[in-house]
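# Commentary on secondary and tertiary structure
Chain by chain, the residues run as shown.
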Protein chains: 2
Amino acid sequence: MGDYGREAIRVHAELKGKISIISKRKITTKEDLSILYTPGVAEPCREIAKNKDLVFTYTSRWNIVAVISDGSAVLGLGNIGPEAGLPVMEGKAVLFKEFGGVDSFPICLDTQDPEEIIRTVELLVPSLGGVNLEDISAPRCFQIEDALKKKLSIPVFHDDQHGTAIVTLAGLINALKIYPRNMASMKIVICGAGAAGIAITKILDNYGMKNILVTDSKGIVSSSRNDLNDAKKAILSITNKTNESGTLQDALKNADVFIGVSGPNILEEKDIATMAKEAFVFAMSNPVPEVHPDAAKKGGAVIVATGRSDYPNQINNVLAFPGIFRGALDVRAASINEEMKRAAAEAIAALVGPDELKKGIIVPSPIDRAVGEAVALATAKAAIKSGVARLVFEETELIKIIRNNLKS
Amino acid sequence: MGDYGREAIRVHAELKGKISIISKRKITTKEDLSILYTPGVAEPCREIAKNKDLVFTYTSRWNIVAVISDGSAVLGLGNIGPEAGLPVMEGKAVLFKEFGGVDSFPICLDTQDPEEIIRTVELLVPSLGGVNLEDISAPRCFQIEDALKKKLSIPVFHDDQHGTAIVTLAGLINALKIYPRNMASMKIVICGAGAAGIAITKILDNYGMKNILVTDSKGIVSSSRNDLNDAKKAILSITNKTNESGTLQDALKNADVFIGVSGPNILEEKDIATMAKEAFVFAMSNPVPEVHPDAAKKGGAVIVATGRSDYPNQINNVLAFPGIFRGALDVRAASINEEMKRAAAEAIAALVGPDELKKGIIVPSPIDRAVGEAVALATAKAAIKSGVARLVFEETELIKIIRNNLKS
């Protein structure tokens with residue numbers, strides 16, 4: 001059992017579930033019943049029938065995000081199925097509420113067929129303000145997210161991809177503040193070409209980082225290989241421009257940055273030592289990193305980040321998704337686009353002050369309550385600026401709305 | 001706008017939705033995060049992967065009921081679609097929580113195809129403790145409920161059918177205490193052969209009432225007609241044993257009981273006057289009854305019930321569904337069967353004391369907080385006795401569990 005496993009079992013059994021659905025208004029009189037239910041409720045129904053948009057005024061839909069999984073890639077546990085994935089999805093709902101004020105409901109689907117998942121989510125939309133896809137295995141997750149983004153006019157976000165990518169970018173932005181180097185030419189090795197690896201590759205490229213090698217279990221992803229899935233083929237256009245082949249160790253030589261989203265203990269101190277001087281190591285495999293943070297330091301890394309809560313620089317998605325959805329919901333964004341993700345990453349980075357940077361701290365603490373508001377504001381402003389917001393506010397008004405809804 | 005319409009609009013806009021999803025435990029430390037989410041959460045996941053049943057121990061699933069609609073028959077408003085139906089489904093979720101302690105989540109589906117609705121609900125099951133179908137038009141509702149009852153091993157309950165049927169039966173049981181007559185031979189006319197009418201017919205037959213005529217907009221449902229859907233054909237085996245034809249008015253002559261689940265103002269005082277002496281009139285069309293309660297009294301009815309909250313004897317489903325699901329969930333019933341429905345009806349009836357019966361009161365007030373517990377206990381006991389309960393308790397233990405969960 002892991003570090004917190006025994007205590008988690010105890011707490012989960014004691015709570016009998018981590019979320020609860022409550023009524024915002026108590027019913028004490030027959031009149032309450034007549035207003036919240038029949039006959040009074042017929043009137044908001046009639047209004048929405050005339051103008052569908054009013055469903056965001058008269059119901060909770062404006063603030064509801066479904067956390068949807070098929071249990072095919074739960075944490076590092078693999079394809080354990082929808083029931084076994086439910087504790088994670090409930091945990092996600094807890095984080096949505098605690099850090100974003102978002103009403104989130106976990107849905108674990110009893111199918112792993114991408115077409116069926118797409119259709120089911122589509123059918124659920126009239127009750128939802130947004131969709132957070134979770135723990136769906138690659139490359140199926142790309143197909144599902146792409147299809148839903150095209151079909152739906154509410155935000156769709158696969159957190160394993162974009163949450164991780166955003167927080168990684170935030171950390172990298174800050175690492176570059178401490179140890180500046182040329183963003184376009186610095187050599188980045190991304191180990192892992194699943195959901196997170198592919199999304200990190202895209203966001204870094206988008207941000208201007210143009211010297212990226214991606215590796216999977218077979219080595220460097222290159223056009224010489226004939227075993228690549230569509231997602232890996234697609235990133236060839238933005239990575240490995242000199243068509244290198246070889247192992248992860250080959251790739252690592254003189255690399256400025258290592259980003260691991262693969263598996264435990266695949267690197268040692270001597271591998272890190274082959275990297276460029278003042279290297280950055282993001283070893284984010286969970287719960288056990290690709291290389292132990294102490295070994296990475298000994299190998300010469302000056303910035304080390306992991307997924308571990310007992311070391312500094314925990315790259316945790318909770319820094320991103322609650323605030324991103326808070327911001328997207330509050331301006332009723334039709335989607336979560338690249339501009340919004342980039343703004344969120346910059347907002348997260350900006351929360352780390354100069355004193356912390358001096359100590360090598362590149363991301364805020366995952367329980368820092370200031371993060372949700374800053375990310376929400378940056379995301380909402382980017383949504384307005386990029387034209388996907390249905391509601392447009394001045395900044396002071398926006399801050400008021402976000403603060404109020406964070407408490408909801 | 002209806003009586004409560006204006007106030008309902010104001011309250012719905014002010015609340016911005018009637019339900020909210022909360023975390024049962026606050027997150028204040030990194031440790032909380034590690035227990036409720038990663039890495040600790042992996043342990044309950046692993047346990048459930050080994051034994052699926054533990055999902056009822058470690059997650060909220062044991063207490064979650066989805067209120068599922070396609071918006072095809074919302075209140076008396078008709079096919080207004082999924083978005084416009086959402087305020088009703090949220091209202092239902094409020095009542096589930098307030099009167100049954102049940103965590104209920106509204107899902108309005110963007111399809112009205114029965115096969116697609118069946119499949120979607122099936123796929124949602126890993127997250128659900130029960131399914132409450134709502135405001136789905138007849139005869140589609142029968143097909144959908146029947147298929148889901150066969151496929152799923154969690155309770156499936158179409159409230160428009162069974163909730164109404166159970167409360168009607170409860171009222172009739174009490175009416176017979178005040179004005180006894182032979183249950184098997186008394187003449188009952190049920191006006192309306194939709195979801196509620198068909199279900200009422202079945203529950204009354206099951207209870208021993210064997211002289212029933214059902215009417216629809218074309219008159220008495222009889223084997224001479226060639227315009228009957230499957231549901232109407234099916235009830236021919238338990239109604240109209242002398243194969244009568246004619247109008248509602250024809251049916252009503254010398255009837256002991258009128259049960260209306262059709263539409264407003266279709267009967268007058270003079271129609272009621274053609275019924276047997278000391279007739280019972282249940283005019284439950286909402287918000288306007290089939291006959292005004294005062295007119296029914298003037299026509300000679302001794303018991304009058306309606307759906308109106310401003311008259312005595314409001315036949316309101318809220319007397320049934322919260323307690324029924326509370327009881328079914330607490331013994332983890334595989335279904336809600338006839339024995340459980342019957343027990344629920346008798347429990348509701350038993351809550352009306354002799355003094356109230358003397359005044360012609362046949363059902364408790366819809367906001368009577370004692371109802372949920374009594375109905376839950378009766379339902380749970382009937383589930384155990386009929387062999388559909390997965391958890392079996394002694395009565396004293398059962399009462400403790402129910403009381404505790406009613407507060408949840």
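See the structure above.
Heads up: these notes are all about the structure in this document. (Residues numbered from 1 in each chain as written. Chains lettered and ligands numbered in written order. Predicted model: local features only at pLDDT ≥ 70, side-chain atom pairs only at ≥ 80, totals over all residues. Heavy atoms only, no water.)

## Observations concerning the interface of chain B and chain A
Counting from both sides, the interface comprises 100 residues of chain B and, opposite them, 101 residues of chain A. Area buried by chain B at its contact with chain A is led by Ile21, Tyr37 and Glu83 of chain B, which between them contribute 8% of it. Inspection of the chain B/chain A interface yields 8 salt bridges. In this structure, the salt-bridge partner of Glu14 of chain B is Arg25 of chain A, at a minimum N-O distance of 3.0 Å. (Contact = heavy atoms within 4.5 Å. Buried area = accessible area lost by both parts, 1.4 Å probe. Salt bridge = Lys/Arg side-chain N within 4 Å of Asp/Glu carboxyl O.)

## Focus on the sheet that holds strand S2 (residues 64-69) of chain B
Residue and element names in this part refer to chain B. The strand order across the open sheet built from 4 strands is S3-S2-S4-S5, with neighbouring strands paired in parallel fashion. In this open sheet, the two edge strands, each paired with only one partner strand, are strand S3 (103-108) and strand S5 (156-158). In this sheet, neighbouring strand axes are inclined to one another by 20° on average, regardless of whether the strands run parallel or antiparallel. Both S2 and S3 contribute to a ladder of 6 bridges, which runs parallel. When the bridges of S3 are listed, Val67 appears paired with Pro106. Running at roughly 75° to S5, helix H8 (residues 159-178) makes contact with strand S4 (130-133) and S5 of the sheet. (Pairing = 2+ DSSP bridges. Helix = DSSP H or I, 4+ residues; strand = E, 2+ residues; numbered from the N terminus. Axes fitted to C-alpha atoms, helices over the stretch in contact; angles between N-to-C directions.)

## Here we look at the sheet that holds strand S3 (residues 103-108) of chain A
All names here are of chain A. Spatially, S3-S2-S4-S5 is the arrangement adopted by the 4 strands of the open sheet, whose pairing is parallel. Across the chains shown, the open sheet's two edge strands, defined by having one partner strand only, are S3 and strand S5 (156-158). The mean angle between the axes of side-by-side strands here comes to 20°, regardless of whether they run parallel or antiparallel. Sheet analysis places strand S2 (residues 64-69) next to strand S4 (residues 130-133), joined by 4 bridges and oriented parallel. Paired with Ile68 across the strands is Leu133, a residue of S4.

## Description of the relation of the copies chain B and chain A
Here chain B sits on chain A after a turn of 180° about the axis and a move of 0.0 Å along it, with an RMSD of 0.0 Å. On this basis, the relationship between the two copies can be described by a two-fold rotation axis. Minimal C-alpha separation from the rotation axis in chain B is found for Ile21 of chain B, amounting to 2.2 Å. Mapped onto chain A, 100% of the interface residues of chain B are again interface residues, and the two copies thus contact each other with one and the same surface. (Least-squares fit on C-alpha atoms with pLDDT ≥ 70 in both.)

Any functional reading would require information beyond the geometric quantities listed.
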